[in-house]
Amino acid sequence: MIKRSNCHIHISMIVWLIKAQCKYIKKLFPNAKIIIDRFHIVQMLNRAVNSMRTDLMNRFDHNSKNYKLFKRNWKLFLKRYDDLNCTYQFYERSQREWVTAEQLVNQGLQLADQDFRKAYWDYQRLLEVIDDPTPSKIKIFKQCLTEVNQKYSGSRSEASKADKALLTLYDNLIPVITALEPQYCHYTNGPLEGINRKIKQIQRTAYGYRNFEHLKARIYLQTYLGKDTRSSVKTA
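About the thresholds
Each chain carries its own residue numbering, running from 1 in the written order of its sequence. Confidence filtering applies because this is a predicted model: local features only for residues at pLDDT of at least 70, side-chain atom pairs given and counted only at 80 or more, and all residues used for totals across whole chains, interfaces and linings. As a convention, hydrogens and water are excluded, and side-chain values are obtained from all of the structure's heavy atoms. A run of H or I in DSSP counts as a helix once it spans at least four residues, and a run of E counts as a strand once it spans at least two, with each numbered from the N terminus. For the exposure calls, accessible area comes from a 1.4 Å probe over protein chains only, and a residue counts as buried if that area is under 20% of its type's maximum, exposed if over 50%, partly exposed in between. Salt bridges are counted wherever a side-chain nitrogen of Lys or Arg sits within 4 Å of a carboxyl oxygen of Asp or Glu.

*Asks:* Whenever I open this one, the environment of Val 42 confuses me. Can you help?
*Replies:* Among the structural elements, Val 42 can be located in helix H2 (residues 38–57). Taking relative accessible area as the criterion, Val 42 reaches 18% and is therefore assigned buried. Sequence spacing of Val 42 and Tyr 123 is 81 residues, and the spatial spacing of their C-alpha atoms is 8.1 Å.

Structural data, given as structure tokens:
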């Protein structure tokens, strides 16, 4: 994104968490402000927490209540804790009792080890910063990344999956913190990612195109590009 103010050009670039990409951008545009896409920040820690949930689940017998607790309610462990319903009760067949969504998550956290509990609350801290990027919350999250880096300053091989994700964020600390700041929270690659996803889906549905013009025409049809939406012509 390029902005002009007082005859100065301000360049902001939204990138993925790829170290080489950030390295070359700094060489080509030394004064550009690099912003890591927030979607990829959340996705990285989300996948780490979900993978740790699977590892924890597989420690229990597949017919046990504990296994079914983590198996059937995996979405609740990836949801923001403040959004969990704490009043509406439903009958959970795997536990054979009436519970709320918040109670199920709390039961899972009690069964979990220290690494998973830490990973879960670190993930919740990130979601809270994304939803409400106040300076105090950003400072707390930054401190969390610094503490993880200090903990594994000697060797990172012993870090958990979630801590490894946090260490990756620490290695790109400035672009990550910039992405969390309120003035840059509306910068996103979301629309572009949506178009790329739609093009890939078109190619998969047609099992590929030999003629690029046919592919181009299909993309225009699917995305309504080039279509005159003001036309009153109707087709049967």
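Having seen the structure, we can now continue with the description.
*Asks:* Any chance you could explain the pattern of salt bridges here in plain terms?
*Replies:* Side chains bearing opposite charge may pair, as long as their charged atoms lie close to each other. Under the counting rule described, the total for this entry stands at eleven salt bridges. The salt bridge partner of Glu 92 is Arg 72, with a shortest N-O separation of 3.0 Å. Taken together, the residues Glu 92 in strand E4 (residues 90–92) and Arg 72 in helix H3 (residues 65–72) connect sequence positions 20 residues apart. Its relative accessible area of 45% is what places Arg 72 among the partly exposed residues. Asp 131 is the salt-bridge partner of Arg 80, the closest N and O atoms lying 2.7 Å from each other. Of the two residues, Arg 80 sits in the loop between helix H4 (74–78) and E4 while Asp 131 sits in helix H6 (residues 114–131), which places them 51 residues apart along the sequence. Under the relative-accessibility criterion, Arg 80 is labelled buried at 18%. By relative accessible area, which is 48% here, Asp 131 ends up partly exposed. Because the salt bridges share partners, they merge into one network encompassing Lys 118, Asp 122, Arg 125 and Asp 163.

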